[in-house]
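Listed below are the residues making up each chain.
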Amino acid sequence: MPRLRIATTGAAPTTAVILGLVSSESSGIQPSADAVTGRWDGVQVNFGEEGGRLTYGSYLRLGALLDQQRLESDPPAHDELLFITIHQVYELWFKQVLHELTASRDAMLSGELWRAEHLLRRVHTIERTLIQQVDILETMTPQDFGEFRHRLSPASGFQSVQYREIEFLSGAKDPSFVKRFRGLTDTERARLEQRLEEPTLWDAFLAVLHAAGFGTTDEDQIRVALQTIAADRGRYAAAWELAEALVQHDELAAAWRARHVVMVERMIGTKPGTGGSSGAGYLRSRLDLRYYPLLWNLRTAL
Ligand code: HEM
Ligand SMILES: N[C@@H](CC(=O)c1ccccc1NC=O)C(=O)O
């Protein structure tokens, strides 16, 4: 039962409060517990039975969320708010992607192939949004970025723990990234180490192949399994569709890396990165990464 309440006792809430732009804590306006029904703009509102205190802003913790954009520049550089907002939105989507990929992996391990595919398709949609979002950052010019870029060093996207978790969970485990991380908290280090230990999406897909009766102990056996599935999609429909969804995830991750590096070249040319790498040169060296090389090699054999 939704517990939305619009309080009509006393003064009507301001538009900013209703939109959640001002938290109810800071506005001093609290929904009253007994305001179960009321009229708002001539419309009868009746969303629940019991009195509740939940509001849009308190449910979404907007007081805390909208207080997290702290600029390093002083005087404030106009574009730094955009830079922080974009990165925070990325991290929120990374959190969601990890949630879905973890569940998709677990669904494969428990034989629920339809659910694994369903969740991967949701991830694809988020990944397309992540690629498109680069357009917004590109409305910032190199000159405007230059107003605050020098304040960011040695921080860098290289230190995004969730980004690396996604790579590890997808199948590209590389412990050297954990060693090279500077300034990790204990919790962050534990998260990365856990991701290095736990099964990847590829491991889970191999478990699906095994459950379908295929050998998976070496690459030759896996190649035979993939070719058999590809040659008889009617019989192995669920496994084939899952393989296609993994390829799509891989392709979208590669597309993000390609989009990111071109944006970086537009912003900073061939300058070294704030994280201490060569910059675009380092990022270009990551473009050929593929999570599922055997699924790509299969194409050549079809
Ligand atoms: C003005 C915009 C940006 C510039 C100029 C930029 C630049 C760079 C550079 C030069 C690196 C290499 C590491 C270093 O030495 O710093 C890097 C890495 C990275 N950046 Fe960005 N970046 C930008 C925006 C973003 C955004 C919006 C994200 C989204 C989270 C992001 C995520 C990453 C990640 C995850 C890495 C590590 C990639 C890897 O190791 O494969 N960057 N970035
Ligand atoms: N590495 C970028 C700076 C940068 O983009 C950045 C800095 C701090 C936190 C996140 C960042 N985003 C991606 O690297 C640069 O060298 O300009």
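Residues numbered from 1 in each chain as written. Chains lettered and ligands numbered in written order. Predicted model: local features only at pLDDT ≥ 70, side-chain atom pairs only at ≥ 80, totals over all residues.

If you look the protein chain up in an unreviewed UniProt entry, it shows as Tryptophan 2,3-dioxygenase from Kribbella amoyensis. Its UniProt record gives the protein chain a comment under Sequence similarities (unreviewed entry), which states: "Belongs to the tryptophan 2,3-dioxygenase family." Here the protein chain is described in UniProt, under the heading Catalytic activity (unreviewed entry), as follows: "L-tryptophan + O2 = N-formyl-L-kynurenine". (UniProt positions renumbered as here; feature names shortened; annotations may be inferred.)

Asks: What exactly am I supposed to notice about the site of ligand 1 here?
Replies: Around ligand 1, a shell composed of 23 residues is seen, among which S156, G157, G273, G275 and S277 lie nearest. Of all the elements, helix α14 (residues 237-268) adds the most residues to the shell around ligand 1, at four residues. Class assignment for the residues of the shell around ligand 1 results in 11 nonpolar, 11 polar and one charged. (Near = placed C-beta within 6 Å. Helix = DSSP H or I, 4+ residues; strand = E, 2+ residues; numbered from the N terminus. Nonpolar A, V, L, I, M, F, W, Y, C, P; charged D, E, K, R; others polar.)

Asks: Explain the UniProt feature "binding site: heme" (unreviewed entry) in the protein chain here, please?
Replies: According to UniProt, the feature "binding site: heme" (unreviewed entry) maps to H260 in the numbering used here. Along the chain, H260 turns up in helix α14. Other than its neighbours up to four places away in sequence, H260 contacts V134 and L283. (Contact = placed C-beta atoms within 7 Å.)

Asks: How do you make sense of the confidence of the model for the protein chain when you look at a structure like this?
Replies: For any part of a model where pLDDT is low, the fine detail of the predicted coordinates should not be relied upon. Per-chain confidence: the protein chain averages 89 in pLDDT, with 83% of residues scoring 70 or above. Confidence drops under a pLDDT of 50 for residues 1-36, and excluding neighbours within four residues, the segment shows 57 contacts in the predicted structure. Across the whole predicted complex the pTM is 0.87, and at the interface the ipTM reaches 0.99. (pLDDT = per-residue confidence, 0-100.)

Asks: Whenever I open this one, the site of ligand 2 confuses me. Can you help?
Replies: Near ligand 2 the following residues occur: H87, R149, L152, A155, S156, G157, I268, G273, T274 and G275. Taken together, the residues that form the shell around ligand 2 break down as three nonpolar, six polar and one charged.

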